[in-house]
Amino acid sequence: MTTEYLVLSALLFAIGALGVLIRRNAIVVFMCVELMLNACNLAFVTFARMHGNLDGQIIAFFVMVVAAAEVVIGLAIIVTIFRTRRSASVDDANLLKY
Amino acid sequence: MGETITFWVLAVVSVGAALGMIFSRKAVYSALLLGGVMLCLAVLYAVQEAPFLAAVQIIVYTGAIMMLFLFVLMLVGVDSADSLVETLRGQRVWAGLAGIGFAVLVILAIGNALFVPEPAGLAAATEQAGGNVQALARLVFTRYVFAFEVTSALLITAALGAMVLAHRERLEPKATQKDMARARFAEGDPSPLPAPGTYARNNAIDMPALLPDGSVSELSVNRHIARYDVERGHLPDDPKLAEALKHAVEEEPVTERSHRHEQASSQETDSQAEVTK
């Protein structure tokens, strides 16, 4: 039964990766990154159950903490870029290009 | 059996919501669908003997993180749609192929790996501590205590970073109450705008007021309400008042009063600049 969970997790991770590649809106890209983190968490929880120890759940817990901190900083950066460039598109944030 | 049904229902729902998230054109729909995926995952955690993580998932992800996402979405502008200009030609097609290829690779890798047919289950691991939460707490405060401490540094850094990034320098001194009073008297009309007219047969706020000398005050009617009245033909019977309403609509978007206020404030900053000289 646990293999199905891992396949679901891989599927969600791939969908998140696809979203990061095809979307241009920085906030939606960020949501896709969150989806990938969630998929990893599902895999960790499944591994914990599969092997009968709780380390996987602890790792998932720490991933959640890091994701919360990451969202705060990422959204602050997006708001700062929006303030100066008046756009939330990742194509417009090319100031470091040259 | 119950777990199988739960899994398949939630798997279909979560994959569908995830696909909808990356393909919906409106960012708010994406956010709501992501919330749906997170709720599905919370239930899957609960099914997989992780009740604490299920609660944390709902509280932290769907509660805090999704609220933050929606908040920033409203701040940045909901209608900021994706640009359809392709900076790299054919990027979407290749990205789609890469995504599908990646999914196939990972799923095949999982399918190929040898897994124990029956999961070990967490009953033995949690029994000693007396429950899932107690067992997790024991691990966090013993084996993972250093990671736990580092987490606090991470959270403080994140909070400081958000404050630094969101901070904006104030370039000119904040106007005090004294400055505002001075600006108000400098524009020559310190009283509030005249109230709308109240007459024997009409007390709606779309009626212009009569000034003491009998003339009609256009300032007493909100411009948007006047425009609504003119467009719908709800004009007062008195031709003088109707004329005032039409005139109020034709005025420029910047009302005379705010225009005067801008002038006054620019004069004020000029005088302040002189004072600082």
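In this text the structure is predicted, and so the values were computed from the model without any measurement.

1. A short note on the interface of chain A and chain B
Here comes step 1: Tallying the contact residues gives 67 residues for chain A and 84 residues for chain B.
Here comes step 2: Together chain A and chain B conceal approximately 7000 Å² of surface at their shared face, both sides included; 74% is due to carbon and sulfur atoms.
Here comes step 3: When the buried area of chain A at its contact with chain B is split by residue, Arg 24, Met 31 and Arg 49 of chain A rank highest and sum to 11% of it.
Here comes step 4: Between the two partners, chain A and chain B, sit three salt bridges.
Here comes step 5: Arg 143 of chain B is the partner of Asp 55 of chain A in a salt bridge, and the nearest nitrogen-oxygen pair spans 2.9 Å.

2. Quick word on the packing of aromatic side chains
Here comes step 1: Taken as a whole, this structure holds eight aromatic pairs over all chains when the rule is applied.
Here comes step 2: Seen from their ring centres, Phe 13 of chain A and Phe 102 of chain B are 5.8 Å apart, and the 40° between their planes marks the pair as tilted. One end of the pair, Phe 13 of chain A, is in helix 1 (residues 2-22); the other, Phe 102 of chain B, is in helix 4 (residues 91-112), on a second chain.
Here comes step 3: Given a relative accessible area of 32%, Phe 102 of chain B falls into the partly exposed group.
Here comes step 4: The structure contains a cluster of three or more aromatic residues connected by ring pairs, namely Phe 61 and Phe 62 of chain A together with Phe 52 and Tyr 144 of chain B.

3. Looking at the packing of helix 1 (residues 2-23) of chain B against helix 2 (residues 27-47) of chain B
Residue and element names in this part refer to chain B.
Here comes step 1: Taken N-terminus to C-terminus, the directions of helix 1 and helix 2 make an angle of 160°; their axes are 8 Å apart at the nearest point. The angle between the axes of helix 1 and helix 2 places the two elements in the roughly antiparallel class. Like other packed secondary-structure pairs, helix 1 and helix 2 cross with a definite hand, here left-handed. Contact residues: Glu 3, Thr 6, Phe 7, Leu 10, Val 13, Ser 14, Ala 17, Ala 18, Gly 20 and Met 21 in helix 1; Ser 30, Leu 33, Leu 34, Val 37, Cys 40, Val 43, Leu 44 and Val 47 in helix 2.
Here comes step 2: In terms of residue class, the contact of helix 1 with helix 2 is built from 13 nonpolar, four polar and one charged.

4. Some points on the UniProt feature "transmembrane region" (unreviewed entry) in chain A
All names here are of chain A.
Here comes step 1: In this numbering, the UniProt entry assigns the feature "transmembrane region" (unreviewed entry) to residues 6-22, 27-47 and 59-82.
Here comes step 2: Annotated as residues 6-22, this span is 100% helix and 0% strand, and its ends, taken at the C-alpha atoms, are 24 Å apart.
Here comes step 3: Annotation note: span residues 59-82, helix share 100%, strand share 0%, distance between end C-alpha atoms 34 Å.

5. A few points about the side chain of Ser 217 of chain B
Here comes step 1: When you line up the elements, Ser 217 of chain B lands in strand 2 (residues 216-217).
Here comes step 2: By relative accessible area, Ser 217 of chain B is classed as buried at 7%.

6. Notes on the UniProt feature "transmembrane region" (unreviewed entry) in chain B
Residues and elements named next belong to chain B.
Here comes step 1: The UniProt entry lists residues 6-23, 28-46, 58-81, 93-115 and 144-166 under the feature "transmembrane region" (unreviewed entry), expressed in the numbering used here.
Here comes step 2: As a span, residues 28-46 carries 100% helix and 0% strand, and end to end its C-alpha atoms are 27 Å apart.
Here comes step 3: End C-alpha atoms of residues 144-166 are separated by 33 Å, and the span's content is 96% helix alongside 0% strand.

7. Section: helix 2 (residues 26-51) of chain A
Owing to its 3.6 residues per turn, the α-helix brings residues three or four apart onto one side.
Residue and element names in this part refer to chain A.
Here comes step 1: Along its 26 residues, helix 2 runs 38 Å from first to last C-alpha, staying within 8% of the 38 Å computed at 1.5 Å per residue.
Here comes step 2: Of all 26 residues in helix 2, 20 are buried; the element is thus mostly enclosed.
Here comes step 3: Where helix 2 starts, the residue carrying a side-chain oxygen 3.1 Å from the main-chain nitrogen of Ile 27 turns out to be Asn 25.
Here comes step 4: Just downstream of helix 2, Gly 52 is the residue with a positive phi angle, here 75°.

Procedures and definitions
Residues numbered from 1 in each chain as written. Chains lettered and ligands numbered in written order. Predicted model: local features only at pLDDT ≥ 70, side-chain atom pairs only at ≥ 80, totals over all residues. Heavy atoms only, no water. Contact = heavy atoms within 4.5 Å. Buried area = accessible area lost by both parts, 1.4 Å probe. Salt bridge = Lys/Arg side-chain N within 4 Å of Asp/Glu carboxyl O. Phe/Tyr/Trp six-rings, centres within 6.5 Å; stacked < 30°, edge-to-face > 60°. Helix = DSSP H or I, 4+ residues; strand = E, 2+ residues; numbered from the N terminus. Buried < 20%, exposed > 50% of the residue type's maximum accessible area, 1.4 Å probe, protein only. Axes fitted to C-alpha atoms, helices over the stretch in contact; angles between N-to-C directions. Parallel < 35°, antiparallel > 145°, perpendicular 65-115°, else oblique. Left-handed = near helix turned anticlockwise from the far one by under 90°. Nonpolar A, V, L, I, M, F, W, Y, C, P; charged D, E, K, R; others polar. UniProt positions renumbered as here; feature names shortened; annotations may be inferred. Expected span 1.5 Å × (residues − 1). Polar contact = N/O pair within 3.5 Å; in protein donor to acceptor, adjacent residues only side chain to side chain.

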